[in-house]
Amino acid sequence: MNSVFFDHATIDAWIAEDAPLVDLTTHLLAVGDGQARMRFTVRGEAVAACTEEAARIVHHCGGRVESLLPSGTHAAAGDVLLAATGDAAGLLRAWKVAQNLLEYACGVAGATARMVRAVQAAAPGVAVLTTRKHAPGLRRIALKATLSGGAFPHRLGVGETVLVFPQHRALLSGWEALAERLAAAAPALTEKKCVVEAHTLEEALSAVAAGADAVQFDKAAPEDLRAWCPRLRALYPRVQLLAAGGIHAGNAVQYATSGVHALVTSSLHYASPADVGVAMQPLQREDPSSYAVFAKCNPTLS
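Described below are features of the structure shown in this document.

What counts as what
- Residues numbered from 1 in each chain as written.
- Predicted model: local features only at pLDDT ≥ 70, side-chain atom pairs only at ≥ 80, totals over all residues.
- Heavy atoms only, no water.
- Helix = DSSP H or I, 4+ residues; strand = E, 2+ residues; numbered from the N terminus.
- Buried < 20%, exposed > 50% of the residue type's maximum accessible area, 1.4 Å probe, protein only.
- Pairing = 2+ DSSP bridges.
- Axes fitted to C-alpha atoms, helices over the stretch in contact; angles between N-to-C directions.
- Contact = heavy atoms within 4.5 Å.
- Phe/Tyr/Trp six-rings, centres within 6.5 Å; stacked < 30°, edge-to-face > 60°.
- Core = buried A, V, L, I, M, F, W, Y, C linked by side-chain atoms within 4.5 Å.
- Arc of directions from axis to C-beta.
- Right-handed = clockwise from strand over helix to strand, strands pointing away.

Right, let's get into unusual backbone geometry. The phi dihedral of A30 is positive, around 55 degrees, even though this residue is not glycine. Summarising the element assignment, A30 is placed in the loop between α2 (24–29) and β1 (35–42). Its identity is not glycine, yet C50 carries a phi of approximately 60 degrees, on the positive side. Turning to its location among the elements, C50 is positioned in the loop between β2 (46–47) and α3 (51–60). Overall, C50 belongs to the buried group, its relative accessible area being 0%.

What follows is the structure in structure tokens.
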């Protein structure tokens, strides 16, 4: 899964953050000159994510990738996510950067896959959408990890959709003013939907009256949504209903069966990391075919 774009500068910045000048341990022990093989193995069930970017980290450090488990692939304990050969110094430079990336991304992807399966089993057709609420700088990684687990992005940035929060409404003089602004902007919104956040049924009704195409309920209890959603669906069949705020693995099924069309969650970005072990071994000679495997998976780098 290479649908999320990572430029070369991003990969190099990750490497430079951890090893900008010299690997002091490798230099001190004088173990960097020989050839070696490095394997990243998952110690429990997981979903592979960002293995392609981990491979690029290795490649940028001079390594040659032997094998790679594509993002989105379900992995069992003991499966090798990535194997590479090359100069020991280069592999050691790439080691922790790639391992940290894999542990975070595979952890998020695995948690996402579990939530998506649970939601689809309880309420087929209800989507799991992930927010942009994560630490700055993680957007591409978080996006690729959640896509690998089967979720879909809710909103990648403020320029992507119209989403009216109470913070926006606080700067207007009420629902009528919002309706006037949306009506005036209607020609420009031909290709976009307008989503309005609500906390109560009354706010939801006001949002639809103001021109909302979708209502995003924030921190509404599942039992309240069970009462509100049938009424809204009956009155406004085309209006989409979303549940957001505080949705996690422990309550996702309750929200999925409440009558909404989709769940909006940030919790997946904070999933426990996958347990990825790294083994290094010296080689007597390098395998010239290893780079060909990587080049086939990543033709733009060959």
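With that settled, consider the sheet that holds strand β13 (residues 276–283). If you walk across this open sheet you meet the four strands as β3-β5-β1-β13, and the pairing is antiparallel. In the strand order of this sheet, the two ends are held by β3 (64–68) and β13, each with one partner. For this sheet, the mean angle separating the axes of adjacent strands, direction not counted, is 15 degrees. Of the pairings in the sheet, the one linking β1 to β13 comprises eight bridges and is antiparallel in character. Paired with F40 across the two strands is V278, which belongs to β13. Sitting on the sheet, helix α4 (residues 88–122) is in contact with β1, β5 (80–87) and β13, with an inclination near 165 degrees to β5.

Here we come to the packing of aromatic side chains. Tallied over the entire structure, the rule returns two aromatic pairs. Between F6 and W14, the aromatic rings sit 5.8 Å apart at their centres with planes inclined by 65 degrees, giving edge-to-face as the arrangement. Neither residue differs from the other here; F6 and W14 are each classed as buried. Geometrically, the ring pair formed by F217 and W228 is tilted, given 5.4 Å between the ring centres and 40 degrees between the ring planes. Of this pair, F217 sits in strand β10 (residues 214–218) while W228 sits in helix α9 (residues 222–235); the two residues are eleven residues apart in sequence, bridging distant segments of the chain.

Let us look at the nonpolar core. If you look at the biggest cluster of nonpolar residues, it comprises 83 residues, and the most contacted ones within it are I57, L81, V215, F217, L225 and L263. Counting residues per element, this core draws most heavily on α4, at 17 residues. If near-sequence neighbours (up to four positions away) are discounted, F217 is found in contact with A198, T200, A204, L225, W228, L232, L241, L242, A243 and A244. In terms of nonpolar packing, the next biggest core, distinct from the first, is built from eight residues, L163, V195, A262 and V264 among them.

Further remarks concern the sheet that holds strand β8 (residues 162–164). Across the sheet, which stays open at both edges, the seven strands sit in the order β7-β6-β12-β11-β10-β9-β8 with parallel pairing between neighbours. Each edge of the open sheet is held by one strand with a lone partner, namely β7 (152–153) and β8. Across the face of the sheet, helix α8 (residues 201–210) comes into contact with β9 (194–198) and β10 while running at roughly 155 degrees to β10.

Attention shifts here to helix α7 (residues 175–185). Buried within α7 we find A177, L178 and L182. Along α7, the residues classed as buried sweep out an arc of 130 degrees about the axis, all on the same side. Turned more than 90 degrees away from the buried face of α7, the exposed residues are E176, E180, A183 and A184. Structurally, α7 contributes buried residues whose contacts are with β8, α6 (166–169), β9 and α8.

For the rest of this paragraph, the subject is the pairing of β9. Summarising burial for β9: five of the five residues are buried, a large majority. With burial as the criterion, each face of β9 is covered, one bearing C194, V196 and A198 and the other bearing V195 and E197. In terms of strand pairing, β8 meets β9 through three bridges, oriented parallel. When the bridges of β9 are listed, V162 appears paired with C194. Inspection of the sheet shows β9 paired to β10 by four bridges, in the parallel sense. Directly across from E197, in β10, lies its bridge partner Q216. Between β9 and its parallel partner β10, the chain crosses via α8, and the hand of that crossover is right-handed.

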